[in-house]
Amino acid sequence: MIKQANLPATWALQYDALINSRYEKLFKEQLEPHDEIAAWWEIPQPLAEKAGLKWRGRHEWDSTANVGFSPGYTPAERRKLVDIYMADFQAIFGYYPRTVGSWYIDEVTLAYMAKRYHIVASCNCKDRVGTDGYTLWGGYWNQAYYPSRLNAYMPAQTKASQIDVPIFRMLGSDPIYQYGNSPGMFTLEPVYPDAGGSADWVTWFMNNLIHQPALAFGYAQAGQENSFGWEAMKTGLTLQVALLAKQAGAGEIQVKTLAQTGLWFRRYYSLTPPTSVIALDDWKHENRKTVWYDSRFYRVNFLWENGAFFIRDLHRFDENMVSPTHDTALTTTSLSYGTLPIMDGALWSGTEKAGIRPVLLSPNGEPLPMFPDGPPVVKKLNPTDLSILQPLRGGGSFSIVCGETNVAFTGMDGPGRPLYWALNLIGGVQQKSAVQTVTQNAVVYHFTGVNYSLRIFPDMGFCQQLGNGVIRLTPNSSGKLVVILGGF
Amino acid sequence: MKPLTIIHAFLRGSLSFLILSGFFLAAILQRANASEPRIVNIYNFVRNSDYRLPNSEDILYEASRYC
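Q: Honestly, the overall build of chain B in this entry has me stumped. Any pointers?
A: Helices and strands together make up the secondary structure of chain B, namely two helices and one strand. Ordering the α and β elements of chain B from the N terminus gives α-β-α. For chain B, with 67 residues in total, the buried portion stands at 31%. Taken as a whole, chain B presents about 4,300 Å² of accessible surface, with 70% of it coming from carbon and sulfur.

Now the structure itself:
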């Protein structure tokens, strides 16, 4: 079907499929020169045993995290597995694969594949909490990033500390509803009837990808996992391929292989660029909107719902944070990788929903709701900066500018005078546990053994610990607050 | 050439210049858009078997073949 649409595709072979001659025959006979044959990095029994390792799984392929995925093996074993796979791939196809994907690949494996076999791109699973025993949470939202040499899930901040293989995020997550452990699956995976299997949802998703600001580039990964079977995927995949062909023909998107995409990324970006993912309309017609902004220093997510807007998520990135499986094999049956939370709407919400909420302040400092009036205006200011301008009920506006290392907030009333406003950080017991100190210029955190902070730009506001556990960030006398999230 | 003719020629030249500039600007804007591509990968990954499915080898192969 994809061949008939004349679209290039990437076919990533797990080792057990690689060594099955009927797949070899299928792909050698059916694929076009513009297609890519790549590697899929789950570890099945034949690969482990050929590498001289005792198979610990219950089946030929076992999805248990410390059996089916590279972190379940020691660094030396990981390299051995790579050598076996690459040798057999080369023997069958006459070259080494250019890209390698998996739900998760560790940094030791990636660095070795890059150095010895010159792979040009990788991909890993979208952010998720707990699905199938895998948690990837707090990372670069969608698009792609260069990972740290110490931690494949963590975007690197410097060229010296990064693996020069961009990792693209898989599955095309719904930027509003595919968040944390929220119920349902809302991705481009064609088997989900309310998302990738729905013409309305796919059209909505692609329209946002095409028409909203993306900064460096917009990205989506479509396609399928053959474990679902053709019957389950055919409706969604058929409608997706038809739409992609039409949009490619109109010049609205470029359909590329993962290898082509990786080479493009490496050609234009030596460091991870800022990108955004934006949806200003709601396929559920419940008036939610969202803006994701990512740089190599942090990610932030703004959500509009229930007549208000707030920061749902803010995580910092630190290339020096060592992965728990960097030197040793994963011993648990589930895997979990994360970054450094400043605010986590998914994992910090309890009876009260966690978030950073902009509030107006009464003359005696009491918080009052800051209500939006109409939709926000979201614009790209330059290749790195994204502007969100939210008109406010009662006049005035709230301006947010996301830059690579900082976010600037400004509240002004209708005549252009500074508003009396603040940001309230509401994170419950999890926030209380993570926060070490609050000074006038910084909030200092400690999480999973790592110290990090949110800082205020000099003379651009101050921090305050309130008695009810809330942390308040207040602007300067000009109504401006600048929060620094990296580069220090 | 009379002064008035020179002025007319200049104005015609300016008009041509403005039109050319417009095309040039449009070309720059087009390139700016092209520098922020929307890229889609059709990425299919292929296993040989899946313990969760009966007769999985054939089911997985057929899924890959039909795609």
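Q: Teacher, can you tell me more about the nonpolar core here?
A: As a rule of thumb, soluble globular proteins bury nonpolar side chains together. Residues and elements named next belong to chain A. Core analysis: the largest hydrophobic core is formed by 157 residues, its most contacted members being Trp 41, Tyr 85, Phe 302, Phe 409 and Leu 473. Among the elements that take part in this core, helix α5 (residues 75-93) stands out by supplying eight residues, more than any other. If you count residues domain by domain, this core takes at least three from each of domain 1 (2-270) and domain 2 (276-484). Ignoring anything within four residues of it in the chain, the contact list for Phe 302 reads Lys 289, Thr 290, Val 291, Phe 310, Ile 311, Ile 388, Ile 400, Cys 402 and Phe 409. Trp 137, Trp 141, Trp 292 and Ala 346 belong to the second largest nonpolar core, which has seven residues in total.

Q: Looking at this structure, how should I read the pairing of strand β12 (residues 275-279) of chain A?
A: Regular strands have side chains that alternate between both faces of the sheet. Residue and element names in this part refer to chain A. Extensive coverage of β12 is indicated by the burial of five of its five residues. One ladder, built from five bridges, connects β12 with strand β13 (residues 289-294); its direction is antiparallel. Directly across from Ala 279, in β13, lies its bridge partner Thr 290.

Q: What am I meant to see in the interface of chain A and chain B here?
A: Frequently, the measure chosen for interface size is the accessible area that the parts lose on association. Each partner contributes to the interface: chain A provides 65 residues, whereas chain B provides 29 residues. Surface buried jointly by chain A and chain B totals about 4,300 Å² across both partners, of which 54% is contributed by carbon and sulfur atoms. For the chain A face of the interface with chain B, the top three residues by lost area are Arg 22, Trp 61 and Asn 226 of chain A, together amounting to 15%. Counting every contact that joins chain A to chain B gives four salt bridges.

Each value, and the rule that gives it
- Residues numbered from 1 in each chain as written.
- Chains lettered and ligands numbered in written order.
- Predicted model: local features only at pLDDT ≥ 70, side-chain atom pairs only at ≥ 80, totals over all residues.
- Heavy atoms only, no water.
- Helix = DSSP H or I, 4+ residues; strand = E, 2+ residues; numbered from the N terminus.
- Buried < 20%, exposed > 50% of the residue type's maximum accessible area, 1.4 Å probe, protein only.
- Areas by Shrake-Rupley, 256 points an atom, 1.4 Å probe, with all protein chains shown as cover.
- Core = buried A, V, L, I, M, F, W, Y, C linked by side-chain atoms within 4.5 Å.
- Domains from an automatic or database assignment.
- Contact = heavy atoms within 4.5 Å.
- Pairing = 2+ DSSP bridges.
- Buried area = accessible area lost by both parts, 1.4 Å probe.
- Salt bridge = Lys/Arg side-chain N within 4 Å of Asp/Glu carboxyl O.

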